Amino acid sequence: MIRTVDSPTHVSAPVLAAYSYCETVTGQQARNFAYGIRLLPAAKRRAMSALYAFSRRVDDIGDGELAGEVKTARLEDTRALLARIQDGAVAEDDTDPVAVALAHAAQVFPLPLGGLDELIDGVLMDVRGETYETWDDLKVYCRCVAGAIGRLSLGVFGTEPGARGAERAPEYADTLGLALQLTNILRDVREDAGNGRTYLPSDDLAKFGCSAGFHGPTPPAGSDFAGLVHFEVRRARALFAEGYRLLPMLDRRSGACVAAMAGIYRRLLDRIEREPEAVLRGRVSLPGREKAYVAVRGLSGLDTRRHTSRLAVRRRA
């Protein structure tokens, strides 16, 4: 069982201000993530915002316009800041609000902060322009940039006392992160190509005649682009199915948060499956009202109950 630590009744003004900054960053930039964490109680919501703000900083360095060597230096500076947070060396009056908020969150919740080291490692893969030959190769990257965030989030959520199979909760959180990241990769295939990045495994691209890449609103000539997308969608669905085993292990509001975030990405996956070439014409997204509907479903427990019942059927089979 993974427990969370009860938050103190009093949080100092400097720490609250730091959390407020992180919540502003999350609200402005997180989009899908923000819909989920709204369902959490205040202490968990603040901690998740601190995690997001630090992760956003790392991602922004990797996605920026700086030269590769400058990005690498800044990522290593960020790693050094993380080490200070891990060592408890960040004071409440530090001038970096993200560091202050994350340091406090790490005192309140059992966060495996080494996961943020993994995130930095993953972004360094982007800076180096690494490509991936097989799905096993790509999984290493996905675990760094998304699986690690799943495991960090579990540190905030905790698991319910007596939850069956709770020792595997970090594994399921990691797998759900992989599912979300593969959905992101499919959604952003054209945008990533424009930035000189290819994430889908070269083995898969070759199998479906897509090795030429994606540099326009139509698939490469003679390719089976729809076949490629449907192949990757099936892989993502299998990851979601495995990762959803986490839901029955969480308390109601944490489960609602995870169900909402995962549900938004599942619906994105449905849209991509129905119209594969849409990802070559622009970013596929959900309207706000649909995201709100998914969040309500998550809070109602519908998705958690559905996946719990499916697991029960599998166990009896």
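Here, the structure is the one placed above.
Description of the structure in this document. Predicted, not measured: the structure shown is a model, and the values here were computed from it.

### Notes on the nonpolar core
Note on soluble globular proteins: their nonpolar side chains tend to be buried together. Judged by nonpolar contacts, the single largest core of 104 residues is most densely connected at Phe 54, Ile 85, Leu 102, Leu 111, Leu 116, Phe 214 and Phe 240. Sorting elements by how many residues they give to this core places helix α7 (residues 135-157) first, with 11 residues. The contacts of Phe 54, once residues within four sequence positions are left out, are Thr 78, Leu 81, Leu 82, Ile 85, Val 98, Leu 102 and Leu 116.

### Details of the pattern of salt bridges
Side-chain pairing between opposite charges can occur once the charged atoms of the two side chains come close. All chains considered together, the criterion is met by 25 salt bridges. When the shortest N-O distance is used, the salt bridge between Glu 118 and Arg 151 registers 3.1 Å. Here the residue Glu 118 occupies a position in helix α6 (residues 114-128), and Arg 151 occupies one in helix α7, the gap between them amounting to 33 residues. The class of Glu 118 is partly exposed, set by a relative accessible area of 25%. One salt bridge in this structure joins Glu 171 and Arg 168, with 2.6 Å as the shortest N-O distance. Assessed through its relative accessible area of 35%, Arg 168 is described here as partly exposed.

### Side note on the state of the cysteines
Tallying each qualifying case throughout the model produces 0 disulfides. No disulfide involves Cys 142; its sulfur sits 9.4 Å from the nearest other cysteine sulfur, which is in Cys 144. Accessibility expressed as a relative area gives 0% for Cys 142, which makes it buried.

### Remarks on the packing of aromatic side chains
All chains considered together, the criterion is met by 5 aromatic pairs. Measuring from centroid to centroid gives 5.4 Å for Phe 214 and Phe 225, while their planes differ by 65°, and the two rings are edge-to-face. Here Phe 214 is found in the loop between α10 (202-207) and α11 (225-243), whereas its partner Phe 225 is found in helix α11, with 11 residues between them in sequence. Grouping residues by exposure puts Phe 214 and Phe 225 together as buried. Cluster of aromatic residues (ring-pair linked, three or more members): Tyr 132, Tyr 141 and Tyr 199. When the ring centre of Tyr 19 is taken as reference, the NZ or CZ atom of Arg 46 above it lies at 5.4 Å.

### Considerations on the side chain of Arg 79
Topologically, Arg 79 is positioned in helix α4 (residues 68-86). A polar atom in the side chain of Arg 79 sits 3.0 Å from the side chain of Asp 117. If sequence neighbours within four positions are ignored, Arg 79 has contacts with Asp 117, Ile 120, Asp 121 and Leu 124.

Rules behind the numbers
Residues numbered from 1 in each chain as written. Predicted model: local features only at pLDDT ≥ 70, side-chain atom pairs only at ≥ 80, totals over all residues. Heavy atoms only, no water. Core = buried A, V, L, I, M, F, W, Y, C linked by side-chain atoms within 4.5 Å. Buried < 20%, exposed > 50% of the residue type's maximum accessible area, 1.4 Å probe, protein only. Helix = DSSP H or I, 4+ residues; strand = E, 2+ residues; numbered from the N terminus. Contact = heavy atoms within 4.5 Å. Salt bridge = Lys/Arg side-chain N within 4 Å of Asp/Glu carboxyl O. Disulfide = S-S within 2.5 Å. Phe/Tyr/Trp six-rings, centres within 6.5 Å; stacked < 30°, edge-to-face > 60°. Lys NZ or Arg CZ within 6 Å of the ring centre and 35° of its normal. Polar contact = N/O pair within 3.5 Å; in protein donor to acceptor, adjacent residues only side chain to side chain.

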